[in-house]
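Spelled out from the first residue to the last, the chains are:
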Amino acid sequence: MFPTVRMRRLRELKLLKETRVSTDDLILPVFIDENIEGETKKPIDSMPGQYRFSIEGAVKEVSEARSLGIKSVLLFGIPRKKDETGSEAFNTEGVIQRAVRKLKEEVENVVIITDLCLCEYTTHGHCGLVDVDAGSGHVLNDPTLEVLGKIAVSQAEAGADIVAPSGMMDGMVKAIRENLDDDSFTDTAIMSYAAKYNSALYGPFREAADSGYQFGDRSGYQMDVSNAREALREVELDIEEAADIVMVKPAIFYLDIISKVRARFDVPLAAYSVSGEYSMIAAASEKGYLDRGEIVMEGLTAIKRAGADLIITYFAKEVAKALSCCI
Ligand code: PBG
Ligand code: ZN
């Protein structure tokens, strides 16, 4: 007891850190826009400092990330053509398929993760096929699974190392695993957006990826913000369906979920620090209300401390730079 026990003795020495964020933990999201011609990138207004890239621009961006020590990138595609069923998503000549092939050719040793969803590819912007007859915009689960399977195979064929289904359809991991295995892509891994909440923090992303919906909302498939037990059930099911990595999304408002998943399951766990987390920090630090470098590290450390193994973050490059300068 005090005064013999004194916590400040060691604290003053700054010797102990229970949690360390490392560049190895970081995954950089990259938006690749088929509509960009004649230049390599275009700024995203809702995410100051972030860009959409042409395929050529993405090669530069990913090479730069690699040279900073970042091992892995998560690719989102913005196609030139959208339709009711999102058929561009499984076109062998689609933007993501071409980008993955090019990146595999041009960048050494990069782990490529492809977002696997329909919302960037459908005219209505929902993450699955929509029952137009019902007029309600209800997203159909089982017919969507077939399409997800096709997209997974086309992404694996292009060279994706990991596919990341983000649409919160029931049975998506199982359907994708079966399709991949049937086509002998037994080594392609699945990172499932297992507990993805219906969060207002995705606002800036919808401009970034041009994936806003035309009607309704995503509450019929994404999780209610109020629910924690349900997240454990979602994660459990995805593990049973053979997800290699499970994800919690968003991250900083959902540290309790990350921590509960970590405590319950011994599987690799990713956390997605989403666009709204990025933009809040970017805006507040632009105004001088917060110190950008410090707040970013504090946020990432908190995510790691909660139990995430991998962190998907738009800050990946600047964090990698900061970490390499001061080790
Ligand atoms: C869509 C998707 C979203 C994000 C990743 N994939 C948005 C949504 O569900 O509306 C959000 C990422 C971010 O906000 O950074 N399947
Ligand atoms: Zn989607």
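Right above here is the structure, for reference.
Keep in mind the model is a prediction, meaning the values are calculated, not measured.

Here's the deal with the packing of aromatic side chains
The full count for this structure, using the stated rule, is ten aromatic pairs. Ring geometry for Tyr 278 versus Phe 315: centroids 4.7 Å apart, planes at 35 degrees, classification tilted. A residue pair is termed long-range when its members are at least 10 positions apart, and Tyr 278 in helix α9 (residues 275–286) and Phe 315 in the loop between β12 (310–313) and α11 (316–326) qualify at 37 residues. Judged by its relative accessible area of 3%, Phe 315 falls in the buried class. One aromatic cluster in this structure is built from Phe 31, Phe 76, Tyr 193, Phe 205, Tyr 272, Tyr 278, Tyr 314 and Phe 315. Residue placement shows Lys 196 over the ring face of Tyr 202; its charged tip is 5.6 Å from the ring centre.

Examining the site of ligand 1
The immediate surroundings of ligand 1 are formed by 18 residues, with Arg 206, Gln 222, Lys 249, Ser 275 and Tyr 314 found nearest. In this structure, Ser 166 approaches ligand 1 through a side-chain N or O atom, which is 2.9 Å from a nitrogen atom. Arg 206 is positioned such that a nitrogen or oxygen atom in its side chain is 2.6 Å from an oxygen atom of ligand 1. Protein contact buries 100% of the 400 Å² of open area that ligand 1 shows by itself. Given that more than half its atoms are within 2 Å of the pocket grid, ligand 1 belongs to the largest cavity. Of the residues in the shell around ligand 1, the class split is ten nonpolar, three polar and five charged.

As for the packing of helix α7 (residues 229–240) against helix α8 (residues 255–264)
Viewed as axis vectors pointing N to C, α7 and α8 meet at an angle of 50 degrees, and their least axial separation amounts to 10 Å. Considering the angle they form, α7 stands oblique to α8. The two elements α7 and α8 cross, and the hand of that crossing is right-handed. Counted together, Ala 231, Leu 232 and Val 235 of α7 and Ile 257, Lys 260, Val 261 and Arg 264 of α8 form the full contact between these two elements. Classifying every residue of the contact of α7 with α8 gives five nonpolar, no polar and two charged.

Concerning empty space enclosed by the protein
Under the defined criterion, the tally for this structure stands at three cavities of 30 Å³ or more. Of the voids in this model, the largest cavity is the one considered here, and its volume is about 110 Å³. Looking at the largest cavity, it is lined by 15 residues, and the ones nearest its centre are Cys 119, Lys 196, Phe 205, Arg 218 and Lys 249. Mapped onto the lining of the largest cavity, the elements with two or more residues apiece are β9 (189–196) and α6 (203–208). Tallied by class, the residues present in the lining of the largest cavity amount to six nonpolar, three polar and six charged. Volume-wise, the second largest cavity comes out at about 50 Å³.

A look at the pairing of strand β1 (residues 26–33)
Counting buried positions over the eight residues of β1 gives eight, a clear majority of the element. Of the two faces of β1, the one carrying Leu 26, Leu 28, Val 30 and Ile 32 and the one carrying Ile 27, Pro 29, Phe 31 and Asp 33 are both buried. Taken together, the two bridges between β1 and β12 define a ladder with parallel strand orientation. Its bridge partner lying in β12, Ile 27 is registered against Ile 312. Relative to strand β4 (residues 72–78), β1 runs parallel, the two sharing seven bridges. Looking at β4, one finds that Ile 32 is bridged to Gly 77.

What to know about the coordination of the zinc ion (ligand 2)
Binding of the zinc ion (ligand 2) to the protein goes through Cys 117 (SG), Cys 119 (SG) and Cys 127 (SG), at separations of 2.2 to 2.3 Å. We note that the donor set of the zinc ion (ligand 2) lies within a single chain, spaced as C-x1-C-x7-C. Taken together, the residues span a long stretch of sequence, with Cys 117 in the loop between β5 (111–116) and β6 (129–131) and Cys 127 in the loop between β5 and β6 at a distance of ten residues. Each member of the pair Cys 117 and Cys 127 is classed as buried.

Conventions and cut-offs
- Sequence positions are assigned chain by chain, starting from 1 and proceeding in written order.
- Written order determines the labels here, with chains lettered from A and ligands numbered from 1.
- Owing to the predicted nature of the model, reporting of local features is limited to residues with pLDDT of at least 70; listing and counting of side-chain atom pairs is limited to 80 or more, with chain, interface and lining totals taken over all residues.
- Hydrogens and water molecules were not included; the side-chain quantities draw on all heavy atoms of the structure.
- Only the six-membered ring of Trp is used, alongside the rings of Phe and Tyr, when aromatic pairs are assigned; centres must lie within 6.5 Å, and planes under 30 degrees apart are stacked while those over 60 apart are edge-to-face, with the rest tilted.
- The way it works is that DSSP assigns letters per residue, a run of H or I at least four long becomes a helix, a run of E at least two long becomes a strand, and they are numbered from the N terminus.
- Partly exposed describes any residue whose relative accessible area lies between the buried limit of under 20% and the exposed limit of over 50%, with all areas from a 1.4 Å probe on protein chains only and scaled to the type maximum.
- When the NZ atom of lysine or the CZ atom of arginine is within 6 Å of a ring's centre and also within 35 degrees of its normal, the charge is said to sit over that ring.
- We call a residue near a given molecule or strand whenever any one of its heavy atoms falls within 4 Å of it.
- Definition of a polar contact: a pair of N or O atoms within 3.5 Å, with one able to donate and the other able to accept a hydrogen when the atoms are protein atoms, and with sequence-neighbouring residues admitted only if both atoms are side-chain atoms.
- Here, Shrake-Rupley sampling with a 1.4 Å probe gives the accessible areas, and only protein chains in the shown set may cover a residue.
- Two kinds of site are reported from a 1 Å grid over the protein atoms alone, namely cavities, where a 1.4 Å probe fits but cannot get out, and pockets, open sets with protein on both sides within 12 Å along at least five of seven lines, and residues are called lining when an atom falls within 4 Å of a point.
- In this scheme, a molecule is assigned to a cavity or pocket if more than half of its atoms are within 2 Å of the grid points.
- Amino acid classes used here: Ala, Val, Leu, Ile, Met, Phe, Trp, Tyr, Cys and Pro are nonpolar; Asp, Glu, Lys and Arg are charged; the rest, including Gly, are polar.
- Fitting a line to C-alpha atoms yields each axis, with helices limited to the stretch in contact; the angle taken between N-to-C directions then spans 0 to 180 degrees.
- Note that the term roughly parallel is reserved for angles under 35 degrees, roughly antiparallel for angles over 145, roughly perpendicular for angles of 65 to 115, and oblique for everything else.
- Less than a right angle of anticlockwise turn of the near helix away from the far helix marks a crossing as left-handed, whereas a clockwise turn marks it as right-handed.
- The contact rule is simple, with two residues in contact once any of their heavy atoms fall within 4.5 Å.
- Grid points are joined across faces, edges and corners, and a volume is the space filled by probe spheres set on the points.
- A pair of strands is labelled paired if DSSP reports no fewer than 2 bridges between them.
- Coordinating donors are taken to be N, O and S atoms lying within 2.8 Å of the metal, or within 3.2 Å when the metal is Na, K or Ca; because water is excluded from the atom set, some sites may appear incomplete.

None of the figures reported here should be taken as evidence of function without further support.
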